[in-house]
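# A closer look at the structure
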Amino acid sequence: DGGITQSPKYLFRKEGQNVTLSCEQNLNHDAMYWYRQDPGQGLRLIYYSQIVNDFQKGDIAEGYSVSREKKESFPLTVTSAQKNPTAFYLCASRSTSGGFPGELFFGEGSRLTVL
Amino acid sequence: SQQGEEDPQALSIQEGENATMNCSYKTSINNLQWYRQNSGRGLVHLILIRSNEREKHSGRLRVTLDTSKKSSSLLITASRAADTASYFCATVNTGANSKLTFGKGITLSVRP
């Protein structure tokens, strides 16, 4: 089945550690996105990529890094510089054919807790 | 920055009733989308309405868009307990560089 797979679903981290969240899609989508969701805050854009080997900062990129070496994969690293990393992280993708953004397809999310 | 603001923040209704949720936004848009999220899960796309459209239907869903008032509404008819979820509107601004901007969401509870 086509879709987006995020792993791990739950992740615990000690302060000062970097962690990497995986996002893989087999939808052949060019564009991929990372969002952060906190209670009562909705979704906030961290990074996005419209094509392989290119990505742009979103609204809250500080303390995060990404790479886009393959079309299918868009991993997110939460670095120790991120002051408040405990959150629910959502990866999404979309097709870029047809001009302006159409629907996003989301993964099931990764919940990161800093101990 | 969050563009869409949903209203109300929470809604509780009886099964069989209709649920109406509203979204307001601030700048010109290319399209507006509604998503649903079950607790602890990813978002699922429900419907997209373009700026030159006024109304769209999909099953029990009806979406309207009023660009003069910069607002949209999502109507779920004959609600079911399974409709219990959070609902988000997301906007794509004109000239936006491939970004959707989400509101904070509405929590809908449908009582059996």
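Residues numbered from 1 in each chain as written. Chains lettered and ligands numbered in written order. Predicted model: local features only at pLDDT ≥ 70, side-chain atom pairs only at ≥ 80, totals over all residues. Heavy atoms only, no water.

## As for the nonpolar core
The line we're drawing: Among buried residues, the Ala, Val, Leu, Ile, Met, Phe, Trp, Tyr and Cys ones that are joined through side-chain atoms within 4.5 Å form a nonpolar core. Only protein chains enter the accessibility calculation, which uses a 1.4 Å probe. A residue is then buried if its area is under 20% of the maximum for its type, exposed if over 50%, and partly exposed in between. Runs of E in the DSSP output that reach at least two residues are strands. Runs of H or I that reach at least four are helices, and both are numbered from the N terminus. Contacts are assigned to residue pairs with any non-hydrogen atoms lying within 4.5 Å of each other.
Ranked by internal contacts, the top residues of the largest apolar core, which has 21 residues, are Met21, Leu32, Trp34, Leu74, Ile76, Tyr87 and Leu108 of chain B. Elements with a minimum of two residues in this core: strand 3 (19-24), strand 4 (29-37), strand 5 (43-50), strand 7 (61-66), strand 8 (71-76), strand 9 (85-93) and strand 11 (106-111) of chain B. Setting aside residues up to four positions removed in sequence, Leu108 of chain B forms contacts with Leu11, Ile13, Ala19, Met21, Ile76, Asp83, Thr84, Ala85 and Tyr87 of chain B. In terms of nonpolar packing, the next biggest core, distinct from the first, is built from 19 residues, Ile4, Leu21, Ile46 and Ile60 of chain A among them.

## Examining the packing of aromatic side chains
To keep things clear, this is the line we draw: Here is the rule: rings of Phe, Tyr and Trp (six-membered ring for Trp) pair when centre to centre is within 6.5 Å. Planes less than 30 degrees apart are stacked, more than 60 are edge-to-face, and the remainder are tilted.
According to the stated counting rule, one finds nine aromatic pairs over all chains in the structure shown. When the ring of Tyr35 of chain A is compared with that of Phe106 of chain A, the centres are 6.1 Å apart and the planes differ by 40°; the resulting orientation is tilted. Of this pair, Tyr35 of chain A sits in strand 4 (residues 31-38) while Phe106 of chain A is found in strand 10 (residues 105-106), placing the two residues 71 residues apart along the sequence. Grouping residues by exposure puts Tyr35 of chain A and Phe106 of chain A together as buried. Considering the side-chain rings of Tyr35 of chain A and Phe102 of chain B, the 5.3 Å spacing of their centres and the 85° angle between planes classify their relative orientation as edge-to-face. Placement of Tyr35 of chain A in strand 4 and of Phe102 of chain B in strand 10 (residues 101-102) is noted, with the two residues assigned to different chains. For the pair Tyr35 of chain A and Phe102 of chain B, a shared accessibility class is recorded, and that class is buried.

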